[in-house]
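Next come the chains, spelled out residue by residue.
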Amino acid sequence: MIGLLRSPGKISPVQWWADAVVYQIYVRSFSDSDDDGVGDLEGIRMRLGYLELLGVDALWLTPFYTSPMADHGYDVADPRDVDPVFGDLDTFDRLLEGAHEHGLRVTIDLVPNHSSSEHEWFRAALDSAPGSPERARYHFLPGRGPDGDEPPNNWTSVFGGPAWTRVPSPDGSGGEWYLHLFAPEQPDLNWTNPEVRADLEKTLRFWLDRGVDGFRIDVAHGMSKPEGLPDAENPDVALLINTDGDPRFDDDDVHDVHRMIRAVLDEYPDRMAVGEVWVGDDERFARYVRPDELHLGFNFRLVRAPFDAAAVRTAIEHSLAAVATVAASPTWTLSNHDVSRPVTRYGGGELGAARARAMTLVELALPGVVYLYNGEELGLPDVDLPDAVLQDPVWERSGHTERGRDSYRIPVPWEDGAPGYGFTGGDPWLPMPIEYGRLTAADQLEDTGSMLSLVRRAVELRKTHPGFRGGELEWFGAPEGCLAFRRVGTTLVCALNTSAAPVPLPPGEVLLASGPLDGARLPPNTACWLV
Ligand code: GLC
């Protein structure tokens, strides 16, 4: 048995998020209580014991609101209700209460950049004339060209194809176009419209009053659009790349939205917001986490770094620099529902698994907030899925050239037994491969050498060992292909070897290693903590 358990119900004081470990639950894929093959809120409640055992401080639940599921919940038809596939408001309240009893905070996703095309506002907009107040909540514009049959500008959708769709006028004639930076079922809201702002405030209060501990703000660098919606210089963008200089994202006026969100949160003690901020430039990134804006912003540099010590060090240095000027906590992530899983990204198979273990120790040694994505603690790889089961809108929108994100959203295997592996008694919404049967949570809990045991031990040490205090990093000289750092003012050293040969371990006693050591040497694809 590894790990000390925290006493249930223990909630720590102010700024609980500053060095928290937060666990992302992709609700659809975590745990299914009613055997319809789709994860749900009650399913999460059934697994709270596991989450407490894992030692995380808080949860982030991906959208569970009323939705036609064109983008699996990121197309929200009613942000203040629960989709029946996930439960209802009572189930949510029970989950929240149960989580708090287990000492877990609960943060939830908000999607303010766009609504679903099934939102009552958008339906009303389609039924209303150009220039009407109903259309003014979205971006409806006449097209270009003599017949208005070319889109209003050259923007592309993040999911592929044009970012505009034309709708017929209510009288049947060729009509206006509406903007959707994602799927056509996700029309962008017009953030210059006061009703849009007021509605987000209402949503924030709705969930804060129910007792949620915070929010993850989807596309936090979106929302505001530049005056006149000018053409993009480079309209060809892939999914979620660096958005520097892209007129669709990171508009200066977006910060007014974040100030509004912060002002509401400040009325409620101990609540936080973390933004999804795909902004590469450190100075522009810092603006999102100024003292009167979001508390935290995901910095995706570590996700994008290859398994190479120099690249990892650069990613860490930039992420620290990006928050240093505004005194915010850095926010680390190696994995989420939009990116290939670490085991696969770092090379797949045993090599990828060893590297993912090593990077987990690097990440958990860093100051600030760490986000783990469900299944990351089990070392799940991506899985190649047959064309016929792909569901991500990216697959259709890209004309079947991009396979999309389904292969990193496959349900969590809890215990042996196809087809549902304890996730569901029915048929999982995406097929679960046989190889997931060898990576179940039940088996890994019993195995002291498993990825799950490593994560539990690392999270526990991060919480209890004095080596993890101190907010600044100090780098040590390290052989080519290696890195070593410690938190200033402590004796804990984290060393990583991404080179092809073993290197001497730094001085000190080994506290935890991601794989077997080679005597006094740190083997390739391995990290360790020493004191
Ligand atoms: C964010 C989400 C992603 C979603 C998109 C549109 O990037 O993380 O999953 O598809 O926003 O809402």
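Model, not experiment: these values are computed from the prediction.

Asks: Lay out the state of the cysteines in plain terms, naming residues and giving numbers.
Replies: Per the stated rule, a full pass over the model turns up 0 disulfides. Cysteine Cys482 remains unbridged, with the sulfur of Cys528 as its closest cysteine sulfur at 11 Å. Given a relative accessible area of 11%, Cys482 falls into the buried group. Free cysteine: Cys528, not disulfide-bonded; nearest cysteine sulfur from Cys494 at 7.5 Å.

Asks: Any details on the domain arrangement of the protein? Residues and values, ideally.
Replies: In many analyses, interface size is given as the accessible surface area lost on bringing the parts together. Domain parsing of the protein yields domain 1 (13-115 + 194-455) and domain 2 (116-188). A C-alpha centroid distance of 29 Å is found between domain 1 and domain 2. Carbon and sulfur atoms supply 60% of the area buried between domain 1 and domain 2, which totals about 2700 Å² over both sides. The interface formed by domain 1 and domain 2 includes 3 salt bridges. Close ionic contact of Asp231 with Arg144 constitutes a salt bridge, the shortest N to O distance being 3.1 Å. Between the two partners, domain 1 and domain 2, sit 16 residue pairs in polar contact (both at pLDDT 80 or more). Residue assignment for the side of domain 1 that touches domain 2 shows that the elements contributing at least two residues are α5 (194-210) and α12 (393-397).

Asks: Summarise helix α3 (residues 89-101); cite the residues concerned and give the values.
Replies: If you check α3, its first and last C-alpha atoms are 18 Å apart, about what 13 residues at 1.5 Å a residue would give, namely 18 Å. Leu89, Thr91, Phe92, Leu95, Leu96, Gly98 and Ala99 are the residues of α3 that are buried. Sitting at the head of α3, Asp88 places a side-chain oxygen 3.1 Å from the backbone nitrogen of Asp90. At the C-terminal side of α3, Gly103 shows a positive phi close to 75°.

Asks: Could you give an account of empty space enclosed by the protein, with specific residues and numbers?
Replies: According to the stated counting rule, one finds 5 cavities of 30 Å³ or more in the structure shown. The volume enclosed by the largest cavity comes to roughly 200 Å³. In terms of residues, the lining of the largest cavity owes the most to one element, α5, which gives 4 residues. For the lining of the largest cavity, the class distribution of residues is 11 nonpolar, 4 polar and 1 charged.

Asks: Explain the nonpolar core to me, and be specific about the residues and the numbers.
Replies: The nonpolar side chains of a soluble globular protein tend to be buried, and buried together. Core analysis: the biggest nonpolar cluster contains 144 residues, and Leu61 and Trp529 have the highest contact counts within it. Taken domain by domain, the makeup of this core includes at least three residues from each of domain 1 (13-115 + 194-455) and domain 2 (116-188). Trp164, Phe182, Leu229 and Val394 belong to the second-largest nonpolar core, a separate cluster that totals 15 residues.

Asks: Can you explain the packing of α3 against α5? Please cite residues and give values.
Replies: Close contact between α3 and α5 brings their axes to 10 Å; oriented N to C, the two are set at 55°. Of the possible angle classes, the one that applies to α3 and α5 is oblique. Between α3, through Leu89, Phe92, Asp93 and Leu96, and α5, the contact on the second element is made entirely by Phe206, Trp207 and Arg210. For the contact of α3 with α5, the residue count by class is 5 nonpolar, no polar and 2 charged.

Asks: Go over the sheet that holds strand β7 (residues 164-166) with me, naming the residues and quoting the values.
Replies: Sheet architecture is open: 3 strands sit in the order β6-β8-β7, paired in antiparallel fashion. Strands at the two margins of the open sheet, each flanked by one partner only, are β6 (140-141) and β7. As defined by bridge partners, β7 adjoins strand β8 (residues 177-179) across 3 bridges and the pair is classed as antiparallel. Among the inter-strand pairings, Trp164 is bridged to a residue of β8, identified as Leu179.

Asks: Help me get a handle on the pattern of salt bridges, residues and values and all.
Replies: This model, assessed by the stated rule, comprises 36 salt bridges. Asp252 is the partner of Arg284 in a salt bridge, and the nearest nitrogen-oxygen pair spans 2.6 Å. Of this pair, Arg284 sits in helix α7 (residues 282-286) while Asp252 sits in the loop between β9 (214-217) and α6 (254-266); the two residues are 32 residues apart in sequence, bridging distant segments of the chain. The partly exposed category is assigned to Arg284, whose relative accessible area is 22%. Overall, the relative accessible area of 45% leaves Asp252 in the partly exposed class. Arg259 is the salt-bridge partner of Asp256, the closest N and O atoms lying 3.1 Å from each other.

Conventions we followed
- What you see as residue numbers is a count from 1 along each chain, following the sequence as written.
- Note on the predicted model: pLDDT of at least 70 is required for a residue's local features to be given, and 80 or more for side-chain atom pairs to be given and counted; whole-chain, interface and lining totals, by contrast, use all residues.
- The side-chain numbers reported here are obtained from all heavy atoms of the structure, hydrogens and water having been left aside.
- In plain terms, two cysteine sulfur atoms within 2.5 Å form what is called a disulfide here.
- The buried label goes to any residue with under 20% of its type's maximum accessible area, the exposed label to any with over 50%, and the partly exposed label to all in between, with areas taken from a 1.4 Å probe on protein chains only.
- An automatic or database domain assignment supplies the start and end points of every domain.
- Take the accessible area each of two parts loses on contact, using a 1.4 Å probe, and add the two losses: that sum is the buried area.
- Just to be clear on terms, a salt bridge is a Lys or Arg side-chain nitrogen sitting within 4 Å of an Asp or Glu carboxyl oxygen.
- Under this definition, polar contacts are N or O atom pairs within 3.5 Å; protein pairs additionally need one hydrogen-donor-capable and one acceptor-capable atom, and for neighbouring residues in sequence, both atoms have to be side-chain atoms.
- Helix numbering and strand numbering both begin at the N terminus, where a helix is a DSSP run of H or I of at least 4 residues and a strand a DSSP run of E of at least 2.
- What a helix is expected to span follows from its residue count: subtract one and scale by 1.5 Å.
- Method remark: on a 1 Å grid restricted to protein atoms, a set of points is classed as a cavity if a 1.4 Å probe fits but cannot get out and as a pocket if it is open with protein on both sides within 12 Å along at least five of seven lines; lining residues have an atom within 4 Å of a point.
- Grid points are joined across faces, edges and corners, and a volume is the space filled by probe spheres set on the points.
- Put simply, Ala, Val, Leu, Ile, Met, Phe, Trp, Tyr, Cys and Pro go in the nonpolar bin, Asp, Glu, Lys and Arg in the charged bin, and everything else, Gly too, in the polar bin.
- In this text, buried Ala, Val, Leu, Ile, Met, Phe, Trp, Tyr and Cys residues form a nonpolar core when linked through side-chain atoms within 4.5 Å.
- To obtain an axis, a line is fitted to C-alpha atoms, over the contacting stretch when the element is a helix, and the angle between two such axes runs from 0 to 180 degrees between their N-to-C directions.
- Note on terminology: angles under 35 degrees are roughly parallel, angles over 145 are roughly antiparallel, angles of 65 to 115 are roughly perpendicular, and the others are oblique.
- By the convention used here, residues are in contact when the closest approach between their heavy atoms is within 4.5 Å.
- Whether two strands pair depends on DSSP finding at least two bridges between them.

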